[in-house]
Amino acid sequence: MTTITRLLTRGPDRGPVDIVLAALAVALLGFGVVMVYSSSVIEATVVFKDPQYFLKRQGFYALGGLSVIFLTSRFDYRKLRPLTYPIMGLVTLMMIASVIGLGHSGGGAARWLAIGPVHIQPSETAKLALVLWLAYSLEKKRERVRSFSIGMLPHLLMAGFLMILCLKQPDFGGASVLLLLTFTLLFVAGARLGYLLGLAMLGSLFAVWAVRFTSYRWERMLAWFNMSEHRQDLAYQPFQSVMSFGSGKLFGLGLGKGLQVLYLPEAHTDFISAIIGEELGFIGILALCTVYLVIVARGVRTALAAEDEYGSYIAFGISVLFGVQALINLAVAMSMLPTKGLTLPFVSFGGSSLLVCAAAMGILLNISRSSGSGNLRVSFSTARGPEPEASAMLVTEASFAPATSPAPAYPKSPTPKQRQPRPPPSPKEAR
Amino acid sequence: MGMLCGLLALGLGLVVSAGWDLMIGDGAAWRELAESQRQRRLHVAPKRGGVYDRNGSALAVSVEVPSVSLDAVELLRGVPSQQVPVVARQAANAIAAVLGIDAAQVERRILAKHRFAWLKRQISALEADKIRALSADAPEDRRIHGLVVEGEGRRYYPRRELAGPLLGFVAPDGEGKDGLEYALNDDLKGNAEQLKGLRDRSGRLLFSDGIEDDRAFAGHNLYLTIDQGIQYVAEHELQAAARTFEATGGSVVVVNPNTGEILALASFPTFNPNDYTESQPEQRRDRAMSDVFEPGSTMKMFTVAAGLTSGVITPTQKMYCEKGVMQIDNVTIRDTHPSEWLTIPQILAVSSNICAAKIGLGMGESKLYEAFRRFGFGQESGLPFAGEAPGTLRPRSRPWVQVETASAAFGQGIGVTNMQMAMAAAAIANGGELMEPLLVRKVSTSAGEVVREVSPHVRRRVIPKDVARAVSEMLVAVTEGDGTGTEAVVDGYRVAGKTGTAQKTDPKTGRYSIDKYIASFVGFVPAEKPIVAIAVTIDEPMVEHAGGAVAAPIFRHVAQMALKLAGLTPKTSDHTDVAVLARTPDPANIAYEALREAQGKKPAVQEVLATGAVSPGKVRIPNLTGVPARQAMKQMIEIGLTPHIAGSGLIVTQQPPPGSVVDAKSEVLLILEPAT
């Protein structure tokens, strides 16, 4: 009990989580379960003889996701620092394992790693691991970020290694997201713009190479350019997806009334947004985009108000992760980009994606405890005097520790150094 | 950082605006495309309803026959583009060799890369097995993907030619052509509309457990008033006579005069709807309803009935028949048996044209015309049948002049159909009421719910009952003594009827031809309480042309069959040969034998050998040859046998053979073969 309570310390000077962010995450989870049911019922009936096959699983994942959000939002993110390399190492091992053939193939790609009955998609975890690692490393190298050999190269190598593992699976979408994450975090940490532009160009060249010299990607690309010509074969999926969107019109056909699920492969995973478009119409898509925009905005707000650079980088990375995933997923489903295997965060069917998103959201919420309560902290110090952490703890931790004896619950009380509320260094200033 | 946020927001904005274009701008077009896609896949028609005779014997059934289609996208999946031509050629050659079709065409279909294309419809079981050996059953590395074998409804007529022109046939597109298949296509076809949206991208039916009972979409079953046994005898006799007398055509209509039910509707020439492509349109026409002819003397019974009704003549009076020659205007009318004074029955017995003309003239044009109309001539019978002719009473669309009235009275110069003849005769037979002809007794859904059922309906009273009785008795005179219709007499029964030998108009000259006749016999039996009215017409018999010699024997045979089927025994024994009666103890046996013959030694569906008693605890195995598996299983289980099925299609062999007496709950092996 004590270990758990210790693990779940919110940290001494923490406020409540960003309630808007938490509410949106929970709402998206619920919405995802509904949409997965609506878009999977036919496949579930035909293939698994159980209309609720995917609903049951997604419902289970969503409950798991909720608990993950709850737990991680109570886990002081600052304690993640020592876990950075173990997490990274584990993720890298899993990625290698899935590449060298221990992977479980699905849809022609070895993206899954089977551990007993559990199938994990390592590239999903890699995204979060990379964010954590970059935040840790960038904070550590704070002043030297502007230099190439110290500030840039190690990060590029690490990200590049993960990207190559991604591409080997093959998961082009995952690799792109990793590249974008590295790019934005380096940019935010204040890397030289020249280097970044160079990196961007290199990245583009790399992408072009990856596409041009992998025959299936190249064919898919060509098919995407001549969509109407390839509507029966290679561009079948994007074409059907666009058709789904289009037939939604303004208000959609209504929940559960979409018929494109008969024709659109992967309707409940990567192309779930197409079914949202068909069933809920433009209004539904507009609302969905608004939700993601608000999540990103609240995330960035959290990043700006975070009490240390580490938290700020993580918050920003996670916000970008959500934003970029949603953006690319929607753009692919509308066929503005060629097909990639990217999920819609919180909504698409899939345990790995959902649980990683939930963990990321939990960490973000934990960071928001300090950020959103900037004013709160001031009010604590003025009104309550010298014991803000105890009183803050009383508010929400009554169940874990008796109010009368808060001190024994924390044998390792924070060092004075950590207790010093550092003025949150805005990344802008850092630049 | 703000810049990156802005970029993300911009990106989402782009997505939203693209969404606007897609969903609001072009939404209608996309939705239409999506809908057409769903509908385009509906290529499998629901099961067509069956046609059964009045006892439930199948006349037309739909059986599932495999067809093979191609999903070219699936076939070429994962094939590198430069190898596509090679792979397509190899696959095409293999497929074409199995199906016996053109390889170049198959190759074109593959290269067209459509997700659905028929390769060959209605393939044999052997071909289906070979296709499966190429695709599903082949080892993974040599498997041809994208070949789909699925059942498709094929129309099968288990009784072959029986009632062919009446039934019509079904074209490969699933639409009924000719006969009842055409006239009642909407009932039979089933409802494909309801299947919308229930097919996936490979065109398969989804939710198979939801509509496992695909009868929900299947067509309705038709139960006709036709009796297969009478139909067979009518066709058999008609054909035999037509061959003997080298006739060009002919028809027989058998009606139950009390209900108006058509018991048989035979037409010659006929065709086998299973091989309709090998027949001419001439063979497929049902002559009983579509051929209009000048009836000749048979019309006299209606003239006499009308004369008695109007009071122009009385049953007991005599008429002067002008010694066989009478001049009306500039036309001379002659009798074949010149007479002076004749009673009314004698007029019918010797078939005097002159006296019939006198009765007609005595009634006057409008009364005679009106009487014929009341008997149903000159108008369609109202049967659900395409191409029925109404006939013509007034060919020049104006009232008859005097000579036309006279000739109409003995059946020349007017046009009728054999169906009208039968119904009018039935009106005399049943005591004077014109019945509505019934051909379809019941329409029911494939699940057995009744959609509609007909009941006998009296159209109108044509003549009073006493007149009908009197005419019936007069008509008996025709078949007795030295009447013209003695050939029609069924031993042990009194037959009422009238012969007809009408001259045909030569279409080239517009005059009566000297060697082309229509021989006919119209009558009913037993005369005092008729159970069946029969009209027989033979078109252009060559060797002999008198109705009494050509048509009357057909009447006799058909009537005999109908009487035996009805279970009647002769009332007057003076003409009956006891030995014959002794040899034929059970009418059902005779019907059964006739049916065996009808089916080319293949007994019909429900018949169980009706000979010998079965001891308790034992069961006689019914003959199920030609019956679909499901129905056979049901029947077997009903009588307590355990069926085992081998193969698919219709039953061809049974083990132990039909008619064997076995213990109840014994096992019976049914061997099936596709109906091709």
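Conventions used here
Residues numbered from 1 in each chain as written. Chains lettered and ligands numbered in written order. Predicted model: local features only at pLDDT ≥ 70, side-chain atom pairs only at ≥ 80, totals over all residues. Heavy atoms only, no water. Helix = DSSP H or I, 4+ residues; strand = E, 2+ residues; numbered from the N terminus. Buried < 20%, exposed > 50% of the residue type's maximum accessible area, 1.4 Å probe, protein only. Contact = heavy atoms within 4.5 Å. Pairing = 2+ DSSP bridges. Axes fitted to C-alpha atoms, helices over the stretch in contact; angles between N-to-C directions. Parallel < 35°, antiparallel > 145°, perpendicular 65-115°, else oblique. Left-handed = near helix turned anticlockwise from the far one by under 90°. Nonpolar A, V, L, I, M, F, W, Y, C, P; charged D, E, K, R; others polar. Expected span 1.5 Å × (residues − 1). Buried area = accessible area lost by both parts, 1.4 Å probe. Salt bridge = Lys/Arg side-chain N within 4 Å of Asp/Glu carboxyl O. Polar contact = N/O pair within 3.5 Å; in protein donor to acceptor, adjacent residues only side chain to side chain. Disulfide = S-S within 2.5 Å. pLDDT = per-residue confidence, 0-100. Phe/Tyr/Trp six-rings, centres within 6.5 Å; stacked < 30°, edge-to-face > 60°. Lys NZ or Arg CZ within 6 Å of the ring centre and 35° of its normal. Patch = residues over 30% accessible without salt bridge, like charges linked within 9 Å, V, L, I, M, F, W, Y side chains within 5 Å. Areas by Shrake-Rupley, 256 points an atom, 1.4 Å probe, with all protein chains shown as cover. Bend = angle between axes of the 7 residues up to and from the residue.

## As for the overall build of chain B
Here comes step 1: Within chain B, the regular secondary structure consists of 24 helices and 25 strands.
Here comes step 2: With 676 residues in all, chain B has 53% of them scored as buried.
Here comes step 3: In chain B, once contacts between residues fewer than 6 apart in sequence are set aside, the share between residues at least 24 apart is 69%.

## Some details on the sheet that holds strand S23 (residues 650-655) of chain B
Residues and elements named next belong to chain B.
Here comes step 1: Taken together, three strands build an open sheet; the order of strands is S22-S25-S23 and the sheet is mixed. The sheet is open, and its two borders are formed by strand S22 (642-646) and S23, each paired with just one other strand. The average undirected angle you get between the axes of adjacent strands in this sheet is 30°.
Here comes step 2: When S22 meets strand S25 (residues 667-673), the two strands line up parallel, connected through five bridges. In the sheet register, Thr 642 faces S25, and the bridge partner there is Glu 667.

## Here's the deal with unusual backbone geometry
Residues and elements named next belong to chain B.
Here comes step 1: Along the chain, Phe 268 connects to Pro 269 via a cis peptide bond; the corresponding omega equals -5°.
Here comes step 2: You can see Pro 269 is positioned in the loop between strand S9 (262-268) and helix H11 (281-284).
Here comes step 3: Geometrically, the link from Val 525 to Pro 526 is a cis peptide bond, its omega value of -15° lying close to zero.
Here comes step 4: Tracing the backbone shows Pro 526 in the loop between strand S19 (512-525) and strand S20 (532-539).
Here comes step 5: A positive phi angle is found at Arg 160, which is not glycine, with a value near 50°.
Here comes step 6: Of note, Glu 246 is a non-glycine position whose phi angle comes to about 50°, a positive value.
Here comes step 7: Looking at the secondary structure, you find Glu 246 in the loop between helix H10 (228-244) and strand S8 (249-255).

## Structural notes on the packing of helix H6 (residues 148-168) of chain A against helix H8 (residues 193-212) of chain A
All names here are of chain A.
Here comes step 1: Following both chains from N to C, one finds H6 and H8 inclined at 20°, their axes separated by 13 Å at the closest point. Considered as vectors, H6 and H8 are oriented roughly parallel to each other. Between H6 and H8 the crossing geometry is right-handed. Residue-level inspection shows Phe 148, Met 152, Leu 156, Met 163, Ile 164 and Leu 167 of H6 in contact with H8, the latter providing Tyr 195, Leu 196, Leu 199, Phe 206 and Ala 210.
Here comes step 2: Classifying every residue of the contact of H6 with H8 gives 11 nonpolar, no polar and no charged.

## Structural notes on helix H19 (residues 465-478) of chain B
Residues and elements named next belong to chain B.
Here comes step 1: Here H19 contains 14 residues, and its C-alpha end-to-end distance of 20 Å stays within 8% of the 20 Å for a straight helix at 1.5 Å per residue.
Here comes step 2: Along H19, the residues classified as buried are Val 467, Ala 468, Ala 470, Val 471, Ser 472, Met 474, Leu 475, Val 476 and Val 478.
Here comes step 3: Turning to H19, the residues buried within the fold contact helix H13 (300-310), helix H14 (344-350), helix H18 (418-429), strand S18 (496-505) and S19.

## Topic: the interface of chain B and chain A
Here comes step 1: Taken residue by residue, the interface counts 37 residues in chain B and 52 residues in chain A.
Here comes step 2: Of the roughly 4100 Å² buried between chain B and chain A on both sides combined, carbon and sulfur atoms contribute 77%.
Here comes step 3: One can count zero salt bridges joining chain B with chain A.
Here comes step 4: Connecting chain B to chain A are two residue pairs in polar contact (both at pLDDT 80 or more).
Here comes step 5: For the side of chain B that touches chain A, the element with the highest residue contribution is helix H1 (residues 2-25) of chain B, accounting for 16 residues.
Here comes step 6: When the residues that make up the side of chain B that touches chain A are grouped by side-chain class, the tally is 22 nonpolar, six polar and nine charged.

## A short note on the state of the cysteines
Residues and elements named next belong to chain B.
Here comes step 1: For the structure shown, the criterion picks out one disulfide over all chains.
Here comes step 2: Here Cys 321 pairs with Cys 355 through a disulfide, and the sulfurs are 2.0 Å apart. Measuring the twist about the S-S bond at about -110°, one finds the Cys 321-Cys 355 disulfide to be left-handed. Of this pair, Cys 321 sits in the loop between strand S10 (318-320) and strand S11 (325-328) while Cys 355 sits in helix H15 (residues 353-363), and the two are 34 residues apart along the sequence.
Here comes step 3: On the basis of relative accessible area, Cys 321 is assigned to the buried category, the value being 0%.

## Here we look at the pattern of salt bridges
All names here are of chain A.
Here comes step 1: Going through the model one piece at a time under the given rule, you end up with 32 salt bridges over all chains.
Here comes step 2: Note that Arg 298 and Asp 18 form a salt bridge whose closest N and O atoms lie 2.8 Å from each other. Of the two residues, Arg 298 sits in helix H11 (residues 272-305) while Asp 18 sits in the loop between helix H1 (2-7) and helix H2 (19-48), which places them 280 residues apart along the sequence.
Here comes step 3: For Arg 298, a relative accessible area of 22% gives the class partly exposed.

## Considerations on the side chain of Thr269(A)
Here comes step 1: Among the secondary structure elements, Thr269(A) is positioned in the loop between helix H10 (236-248) and H11.
Here comes step 2: Judged by relative accessible area, Thr269(A) falls into the buried class, the value being 12%.

## Re the confidence of the model for chain A
Residue and element names in this part refer to chain A.
Here comes step 1: For chain A, mean pLDDT is 77; residues scoring 70 or higher make up 77% of the total.
Here comes step 2: In the model of chain A, helix H14 (residues 374-384) stands out as the element of lowest mean pLDDT, 35, in contrast to helix H3 (residues 53-73), which has the highest, 92.
Here comes step 3: In the model, residues 372-431 has pLDDT below 50 throughout and makes 51 contacts with residues more than four positions away in sequence or in other chains.

## Points about the pairing of S19(B)
All names here are of chain B.
Here comes step 1: Counting buried residues in S19 gives 10 out of 14 residues, a clear majority hidden from the surface.
Here comes step 2: In this structure, S18 lies alongside S19, joined through nine bridges in antiparallel fashion. Across the sheet, residue Ala 496 finds its bridge partner in S19, namely Phe 524.
Here comes step 3: With antiparallel pairing between neighbouring strands as the criterion, S18 and S19 make up a hairpin whose turn holds six residues, including Gly 510 at a positive phi of roughly 80°.
Here comes step 4: Sheet topology places S19 next to S20; eight bridges connect them, and they run antiparallel.

## Digging into the sheet that holds S8(B)
Sheet strands associate in pairs through backbone hydrogen bonding, adopting either a parallel or an antiparallel arrangement.
Residues and elements named next belong to chain B.
Here comes step 1: Taken in spatial order, the five strands make up an open sheet running S9-S8-S20-S19-S18, and their pairing is antiparallel. Lying at the two open borders of the sheet, with one neighbouring strand each, are S9 and S18. Each adjacent strand pair in this sheet contributes to an overall mean axis angle of 10°, direction not counted.

## Looking at the packing of aromatic side chains
Here comes step 1: Under the definition given, this model contains 20 aromatic pairs over all chains.
Here comes step 2: Ring centres of Phe322(A) and Phe346(A) lie 5.3 Å apart, and the angle between their planes is 55°; on these two criteria the pair is classed as tilted. A residue pair is termed long-range when its members are at least 10 positions apart, and Phe322(A) in helix H12 (residues 309-333) and Phe346(A) in the loop between H12 and helix H13 (351-371) qualify at 24 residues. For the residue pair Phe322(A) and Phe346(A), the accessibility class agrees, reading buried in each case.
Here comes step 3: Pairing Tyr320(B) with Trp341(B) gives two aromatic rings, centres 5.4 Å apart and planes at 50°, and the pair type is tilted. Linking Tyr320(B) in strand S10 with Trp341(B) in strand S13 (residues 341-343), this pair joins segments that are 21 residues apart in sequence.
Here comes step 4: Using a relative accessible area of 25% as the deciding quantity, one classes Tyr320(B) as partly exposed.
Here comes step 5: Through a chain of ring-to-ring contacts, the aromatic side chains of Phe302(B), Tyr369(B), Phe372(B), Phe375(B), Phe377(B) and Trp400(B) assemble into a single cluster.
Here comes step 6: Seen from the ring of Tyr369(B), Arg394(B) lies directly overhead, with NZ or CZ sitting 3.5 Å from the centre.

## What about the confidence of the model for chain B?
Residue and element names in this part refer to chain B.
Here comes step 1: Confidence in the prediction for chain B averages 81 pLDDT; 87% of positions are at 70 or higher.
Here comes step 2: Low confidence marks residues 207-215, where pLDDT is under 50. Its contacts with residues over four positions away, or in another chain, come to 10 contacts.
Here comes step 3: Across residues 601-612, confidence stays below pLDDT 50; counting only partners more than four residues off in sequence or on other chains, it has 38 contacts.
Here comes step 4: Under the prediction, the complex receives an ipTM of 0.74, its pTM being 0.53.

## Some words on a nonpolar patch on the surface
Here comes step 1: A cluster of nonpolar side chains, Leu250(A), Phe251(A), Ile283(A) and Trp20(B), forms an exposed patch at the surface whose accessible area comes to about 420 Å².
Here comes step 2: Considering the arrangement of structural elements, one finds Leu250(A) in the loop between H10 and H11.

## Some words on the packing of H10(A) against H11(A)
For any two helices packed against each other, one specifies the inter-axial angle together with the distance between the axes.
All names here are of chain A.
Here comes step 1: Two numbers describe how H10 lies on H11: the axes approach to 7 Å, and their chain directions differ by 30°. If you check the angle between H10 and H11, you find them roughly parallel. In this structure, the crossing between H10 and H11 has a hand that is right-handed. Side by side, H10 and H11 meet where Ser 241, Ser 244, Phe 245, Ser 247 and Gly 248 of the first sit next to Ser 273, Ala 274, Gly 277, Glu 278, Gly 281 and Ile 285 of the second.

## A short note on H2(A)
Residues and elements named next belong to chain A.
Here comes step 1: Taking the largest bend as the criterion, H2 deviates by roughly 55°, centred on Ser 40.
Here comes step 2: A distance of 3.1 Å separates the backbone nitrogen of Val 20 from a side-chain oxygen at the start of H2, and that oxygen is part of Asp 18.
Here comes step 3: Count one or two residues on from H2 and you reach Lys 49, which has phi positive near 55°.

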